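Here's the letter readout for the chains.
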There are 2 protein chains.
Amino acid sequence: MPELPFTLDQLRILKAIAAQGSFKKAADLLYVTQPAVSLQIQNLEKQLEITIFDRGGRKALLTEAGRLLLEYCERILNQCDEACKAIEDLNSLKGGTLIIGASQTTGTYLMPRMIGLFRQKYPDVSVQLQVHSTRRTGWSVANGQIDLAIIGGQLPGDLENLLQVIPYATDQLALVLPAKHPLSNKKELLKEDLYKLNFVSLDSQSTTRKVVDKLLRDSGLDIQRLKIEMELNSLEAIKNAVQSGLGASFLPVVSIERELESGTIHKACIADLEVKRELKLITNPSRYTSRASDAFKKNILPQFASLESPLRQI
Amino acid sequence: MPELPFTLDQLRILKAIAAQGSFKKAADLLYVTQPAVSLQIQNLEKQLEITIFDRGGRKALLTEAGRLLLEYCERILNQCDEACKAIEDLNSLKGGTLIIGASQTTGTYLMPRMIGLFRQKYPDVSVQLQVHSTRRTGWSVANGQIDLAIIGGQLPGDLENLLQVIPYATDQLALVLPAKHPLSNKKELLKEDLYKLNFVSLDSQSTTRKVVDKLLRDSGLDIQRLKIEMELNSLEAIKNAVQSGLGASFLPVVSIERELESGTIHKACIADLEVKRELKLITNPSRYTSRASDAFKKNILPQFASLESPLRQI
DNA sequence: TCGTTTGAATAATTTAAATTTATGGAGACT
DNA sequence: AGTCTCCATAAATTTAAATTATTCAAACGA
């Protein structure tokens, strides 16, 4: 090892002696014996080829070189203390950054509440939310750019077993109609009724759209026969379109809570068809888990998790 | 020893890994084996209770805590480097301060030339000249406030054997007369002639005055009979007084070189009377000798020392 | 002036820590 | 799959640092 001319311990000893004016007192202060102090200072003096203390008189006095060294010594030790504090803060969740990934839906309607709760509990941890596609989110988790993420779609196969995927909650989707739509009076629609509707749907690339299409297909519907009036890439835009009577859509119920309350949108029920998907928490088990990430997982997520979610069992 | 959470070596390793992106390369860079690096980082992580590196992928990536620590790490190591440089500079006489003591006479007429030479040789060492009485200078050397001093008088007895006193040079004193004084024509004065003169002398507290008085007394003169026109505490003031014809004085020849050349002052010779004193270098052998002080003693003083001085024999 | 005390240096031993050699395992590139 | 690279681990060696005990020197009090 190509050596450094001194060690932090030596600097600490130097500082103590300078402060106490005595080798012995410094030794007591540092809970070591006096020879230990003497030897370390001797080593230091040998290494630097200087004399640090004038041992002549009643108390140990700094030489010019000693004073010079002490100045740097203080600065260095201060930096060390600061570093320790910063690390401690990080450990105790004061400071640090948590990066969360989410898809459109969860990012827009779920995350804000969860992040709000988190920030309330850990006000010194800053949180960053990245809304991307399920695919991109998955990759970000895989290579550590995102600490954890909640997704509502299917991961690419290769990521599926690289990441830890924990069922988290059920995202209920609903068919929504304009408030004054003729069919909004019926208690329950039939699947066939869907063919009579004009749809304002998410663009075909979106995860939610894919999920909905799959569900409908699985329930025996021919999605080609559905009339799609227009495709938009924003849930908010779709909500507005539906409210304006432009058509129907499948939307997450979490995204239309306010509209249902005010009655500007109508939520329909369909016989023998439940449109829902599993939201999943994904993390990268082979990567370092930050304390903030851990705290989020343990203390925040369970409060929003469905009863069946493993997160509840912790 | 109440421990610090990390060592400088660990920080050096951390920095190297961060820079190289690999434990192995860092090990090579630091001329150690790879396990040494691994273990040190493990110790560091254990101590700080954090994970510093993500060892998952192809290269070692810093975690958030790692990045935080690295920042401090860089700052600390930079300070260390700076400290080393400063000490090196001090060792090689680039930087540092030399504090020299002197009495009026040497301080005014000798030191400027010596210091000039010193500064020429060691331009990076700043020099401080303190002109005080012999007594005070002696004490300052004793307690380390002054590195070395040149005095022309007698030290208090207790300091005499505490300090190292080296004969350095002879300070020739001369009786000086106004240029147009009647006695300035005579080739050589007699001791008795002194009684005919009016003197402008140094004040009776000054070392030079005491030395002169003692010499005159030793040569059989009755100094009470000498007519002292006035006492001044500045050599320059006395020179001006003499030039103005106010009286005679005993002055160091080094202080009147210019006046002799221009003929504005006359230097008289006195039969059977040589007025001179020994200038002595004093240092404190029991104290740390700075490099600058050593250089001054070895390289500057000899050039101004008398042939008999021990300083010449080095 | 002489003990007496206090603080620092030294020596020898013990203890602890860091480094090395050797080896095992996991991921990456061909 | 096979090889290569890189990191972790284990055991042994070496190196360094701490401790106890002692000596030495300077300061202080009587």
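Here, every reference points to the structure presented above.
Keep in mind the model is a prediction, meaning the values are calculated, not measured.

## Details of the overall build of chain A
And then number 1: Within chain A, the secondary structure is distributed over eleven helices and eleven strands.
And then number 2: Relative to the globule expectation of 20 Å for 314 residues, the C-alpha radius of gyration of chain A, 32 Å, shows a markedly less compact shape.
And then number 3: Each of the three principal axes of chain A carries a C-alpha extent, and together these read 105 × 40 × 35 Å.
And then number 4: Taking the contacts inside chain A whose residues are at least 6 apart along the sequence as the reference set, 71% of them involve residues at least 24 apart.
And then number 5: When the accessible surface of chain A is split by element, carbon and sulfur atoms take 48% of a total near 15400 Å².
And then number 6: Within chain A, one finds 39 positive and 36 negative side-chain charges whose respective centroids are separated by 2 Å.

## What about the protein's contact with DNA strand C?
And then number 1: Of all residues adjacent to DNA strand C, which total 17 residues, the nearest are Phe-23, Lys-24, Ser-38 and Arg-55 of chain A together with Thr-33 of chain B.
And then number 2: Within 4 Å of the protein, atoms of DNA strand C come from sugar and phosphate in 69% of cases.
And then number 3: One nitrogen or oxygen atom from the side chain of Thr-33 of chain B is found 2.7 Å from a phosphate oxygen belonging to DNA strand C.
And then number 4: The contact in question runs from a phosphate oxygen of DNA strand C to an N or O atom on the side chain of Gln-40 of chain B, over 3.1 Å.
And then number 5: Of all the elements in the fold, those that place two or more residues in the surface near DNA strand C are helix H2 (23-29) and helix H3 (34-48) of chain A together with helix H3 (34-48) of chain B.

## Here we look at the relation of the copies chain A and chain B
And then number 1: Taken as rigid bodies, chain A and chain B are interconverted by a rotation of 180° and an axial shift of 0.2 Å, the fit giving an RMSD of 0.3 Å. Accordingly, the operation relating the two chain copies is best matched by a two-fold axis.
And then number 2: A share of 100% of interface residues in chain A that are also interface residues in chain B marks the association as one of identical surfaces.

## What to know about the pattern of salt bridges
And then number 1: Under the criterion given, the structure shown has 25 salt bridges over all chains.
And then number 2: As a salt-bridge pair, Arg-55 of chain A and Glu-45 of chain A come within 2.9 Å of each other at their nearest N and O atoms. Of this pair, Arg-55 of chain A sits in the loop between strand S1 (53-54) and strand S2 (61-62) while Glu-45 of chain A sits in helix H3, placing them ten residues apart in sequence.
And then number 3: With relative accessibility at 37%, the residue Arg-55 of chain A sits in the partly exposed group.
And then number 4: Across the pair Lys-239 of chain B and Glu-259 of chain B runs a salt bridge, and its minimum N-O distance is 3.3 Å. Here Lys-239 of chain B is found in helix H9 (residues 235-243), whereas its partner Glu-259 of chain B is found in helix H10 (residues 257-262), with 20 residues between them in sequence.

The rules behind these values
- Residues numbered from 1 in each chain as written.
- Chains lettered and ligands numbered in written order.
- Predicted model: local features only at pLDDT ≥ 70, side-chain atom pairs only at ≥ 80, totals over all residues.
- Heavy atoms only, no water.
- Helix = DSSP H or I, 4+ residues; strand = E, 2+ residues; numbered from the N terminus.
- Rg over C-alpha atoms; globule rule 2.2 N^0.38 Å.
- Contact = heavy atoms within 4.5 Å.
- Areas by Shrake-Rupley, 256 points an atom, 1.4 Å probe, with all protein chains shown as cover.
- Lys, Arg positive; Asp, Glu negative; His and termini not counted.
- Charge placed at Lys NZ, Arg CZ, Asp CG, Glu CD.
- Near = heavy atom within 4 Å.
- Polar contact = N/O pair within 3.5 Å; in protein donor to acceptor, adjacent residues only side chain to side chain.
- Least-squares fit on C-alpha atoms with pLDDT ≥ 70 in both.
- Salt bridge = Lys/Arg side-chain N within 4 Å of Asp/Glu carboxyl O.
- Buried < 20%, exposed > 50% of the residue type's maximum accessible area, 1.4 Å probe, protein only.

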